[in-house]
Amino acid sequence: MTAIRSVVLGCGSYLPQRVLTNAELAAKVDTSDEWIVQRTGIRQRHIAAEGEFTSHLAINAARAALAHAGVDAQSIDLIVLATSTPDQTFPATAVAVQNGLGINHGAAFDLQAVCSGFVFALASADNFLRTGAFKRALVIGAETFSRILDWNDRGTCVLFGDGAGAVVLEAQAQPGTPSDRGVLTTHLRSDGRHKGKLYVDGGPSSTQTVGHLRMEGREVFKHAVGMITDVIVDAFNATGATADSIDWFVPHQANKRIIDASAHKLHIAPQKVVLTVDLHGNTSAASIPLALAVAVNDGRVKKGDLVLFEAMGGGFTWGSALLRW
Ligand SMILES: CC(C)(COP(=O)(O)OP(=O)(O)OC[C@H]1O[C@@H](n2cnc3c(N)ncnc32)[C@H](O)[C@@H]1OP(=O)(O)O)[C@@H](O)C(=O)NCCC(=O)NCCS
């Protein structure tokens, strides 16, 4: 038996140059480095420059991923860009990326699932590739959350940052066994009853403004670990993988306490957890591919490794993906 799998050919990322430290934030709002580190694990975040848009971050990350994969942009026939901070209401930021890469064939679209965006985009691209609709995809998470933060709200402005990450996926025939390379399983969930717990108080249809991010932090925290662990158990059940058999856990980087609690509940060894929240803050849909690129570039993630992604975010939305590198 053979199976078509979406195999990762390469990954890449991009962070804006400007680093904003906790100490700088403490000079603006009533907070402290100690409070932020203790509650979240975040020490700094990157902030896009004036005139630097989500599409610019995404194009840089995409170019890095294409170079890492060793493939030409012209071979890409699908771009799925996860973002909640598009350049414009429309057209999709994905078409700006497509144009920036000099591609004018295939399809490009945005996907909006807030912090779960990368996992949702990966699952979508995987499904398109496995049906044969497309052959080679760029899956990108790119955000400029600094543009939607209320910089007077200490409960949220300390948490988020800007950045982008991308992977190149290719449809490949694999033996159809658990040792296949590529995406082995994805699990997506949403529950709109929670839509008022993490949202932006503006939009084209409602206020005709961009709005600012609002969050009931404690409520998000309360639900996060249960939701995350549920979809990871789904991934384990679907594949027979276990906390012991996975090589790397690359979670959405929102908060170190949530990541630690999820790994602990699932009995995932701490040394398998890829952590970048200290350096990047929460970059929403960009956080997983940003963390992945770090672990690939420093040699931790190697060919054949079993890699687990999870994310949870506004909506609520949440999901997991398990793949063999
Ligand atoms: C935001 C979060 C760090 C706050 O931590 P917490 O322990 O839940 O803190 P609370 O919101 O209960 O607030 C506790 C106190 O700290 C204060 N506080 C909030 N932000 C603060 C800051 N940046 N600096 C100092 N104090 C702060 C609150 O005002 C509150 O003060 P009070 O007791 O005098 O009212 C935490 O709720 C969290 O991480 N939630 C999940 C957020 C998340 O990951 N969202 C993205 C999901 S994709």
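Because the structure is a prediction, the values reported are computed rather than measured.

**Q** Talk me through the packing of helix α7 (residues 217–239) against helix α8 (residues 256–266); I want residue IDs and the actual numbers.
**A** Running from N to C, α7 and α8 cross one another at 40°; their axes reach a closest spacing of 9 Å. Between α7 and α8, the angle falls in the class oblique. Crossing hand, α7 versus α8: right-handed. Between α7 and α8, the contacting residues are F221, A224, V225, G226, I228, T229, I232 and V233 on the first element and R257, I258, A261, S262, K265 and L266 on the second. For the contact of α7 with α8, the per-class residue count stands at nine nonpolar, three polar and two charged.

**Q** Break down the domain arrangement of the chain for me, citing the residues and quoting the values.
**A** Parsing the chain into structural domains produces domain 1 (3–174) and domain 2 (182–324). For domain 1 and domain 2, the distance between their C-alpha centres works out to 14 Å. In this complex, domain 1 contributes 52 residues to the contact, which on the side of domain 2 involves 48 residues. At the junction of domain 1 with domain 2, the criterion picks out one salt bridge. Taken together, domain 1 and domain 2 are joined by 18 residue pairs in polar contact (both at pLDDT 80 or more). Sorting the residues of the side of domain 1 that touches domain 2 by element identifies β1 (3–14), α2 (33–40), β3 (44–47), α5 (117–131), β6 (136–144), α6 (154–157) and β7 (162–174) as the ones contributing at least two each. Among the elements that line the side of domain 1 that touches domain 2, the one with the most residues is β1, at eight residues. Here the side of domain 1 that touches domain 2 is built from residues that sort into 24 nonpolar, 19 polar and nine charged.

**Q** Describe the environment of D77, with residues and values.
**A** As for its position among the elements, D77 is in the loop between α3 (54–69) and β4 (78–82). Sequence separation of D77 and G313 is 236 residues, and the distance between their C-alpha atoms is 28 Å. The contact partners of D77, leaving out residues within four places of it in the chain, are H105, G106, A107, F134, K135 and R136. Reaching out from D77, the side chain makes a polar contact with the backbone nitrogen of K135 at a distance of 2.9 Å.

**Q** Lay out the sheet that holds strand β11 (residues 248–251) with the relevant residues and their values.
**A** Pairing is mixed across the open sheet formed by four strands, whose spatial order is β8-β13-β12-β11. Of all the strands in the sheet, just β8 (182–190) and β11 have a single pairing partner and so form its edges. With strand direction ignored, the average angle separating the axes of adjacent strands in the sheet is 10°. Bridge count between β8 and strand β13 (residues 317–324): eight bridges; the pairing is antiparallel. Of the residues in β13, the one forming a bridge with L188 is G319.

**Q** Describe the site of the ligand, and please don't skip the residues or the numbers.
**A** Around the ligand, 22 residues are found, and the nearest of them are T31, R39, R154, R218 and N255. Between the ligand and T31 there is a distance of 2.7 Å, counted from a nitrogen atom to a side-chain nitrogen or oxygen. Within the backbone of R154, one N or O atom sits 2.8 Å away from a nitrogen atom of the ligand. Alone, the ligand offers 950 Å² of accessible surface; in the complex the protein occludes 74% of this. Every element with two or more residues in the shell around the ligand is listed here: α2, α6, α7, α8 and β12 (306–313). In terms of residue class, the shell around the ligand is made up of nine nonpolar, eight polar and five charged.

**Q** Pulling in residues and values, what's your account of the pattern of salt bridges?
**A** Working definition: two side chains of opposite charge can pair if their charged atoms are close together. Enumeration according to the criterion identifies 13 salt bridges in this entry. As a salt-bridge pair, D150 and R214 come within 2.9 Å of each other at their nearest N and O atoms. Here D150, found in the loop between β6 and α6, pairs with R214, found in strand β10 (residues 213–215); they are 64 residues apart in sequence, far enough to count as distant. Residue D150 is classed as buried on the basis of its relative accessible area, which comes to 16%. Here the salt bridges do not stand alone but share partners, grouping D150, D201 and R214 into one network.

Analysis parameters
As a convention, each chain's residues are numbered from 1 in the sequence order in which they are written. Confidence filtering applies because this is a predicted model: local features only for residues at pLDDT of at least 70, side-chain atom pairs given and counted only at 80 or more, and all residues used for totals across whole chains, interfaces and linings. Note that water and hydrogens are dropped before the side-chain values are worked out from all heavy atoms of the structure. What counts as an axis is a line fitted to C-alpha atoms, over the stretch in contact for a helix, and the angles between N-to-C directions run from 0 to 180 degrees. Only runs of H or I of at least four residues qualify as helices and only runs of E of at least two qualify as strands under DSSP, and these elements are numbered from the N terminus. Angle categories are assigned with fixed cut-offs, so that under 35 degrees is roughly parallel, over 145 is roughly antiparallel, 65 to 115 is roughly perpendicular, and the rest are oblique. Take the far helix as the reference: if the near one is turned anticlockwise from it by less than a right angle, the crossing is left-handed, and if turned clockwise, right-handed. By the convention used here, residues are in contact when the closest approach between their heavy atoms is within 4.5 Å. Residue type decides the class: Asp, Glu, Lys and Arg count as charged, Ala, Val, Leu, Ile, Met, Phe, Trp, Tyr, Cys and Pro as nonpolar, and the leftover types, Gly among them, as polar. Per the annotation, domain bounds derive from an automatic or database assignment of domains. The salt bridge criterion pairs a side-chain nitrogen of Lys or Arg with a carboxyl oxygen of Asp or Glu, the two atoms within 4 Å. Within 3.5 Å is the distance limit for a polar contact, defined as a pair of N or O atoms, with the added protein rule that one can donate a hydrogen and the other accept it, and that residues adjacent in sequence qualify only through two side-chain atoms. For two strands to pair, DSSP has to find at least two bridges joining them. The cutoff for a nearby residue is simple: one of its non-hydrogen atoms must lie within 4 Å of the molecule or strand. Only the protein chains shown count as covering a residue, and every accessible area follows the Shrake-Rupley method with a 1.4 Å probe. Think of it in three bands: residues with accessible area under 20% of the maximum for their type are buried, residues over 50% are exposed, and the middle band is partly exposed, with areas taken using a 1.4 Å probe on protein chains only.

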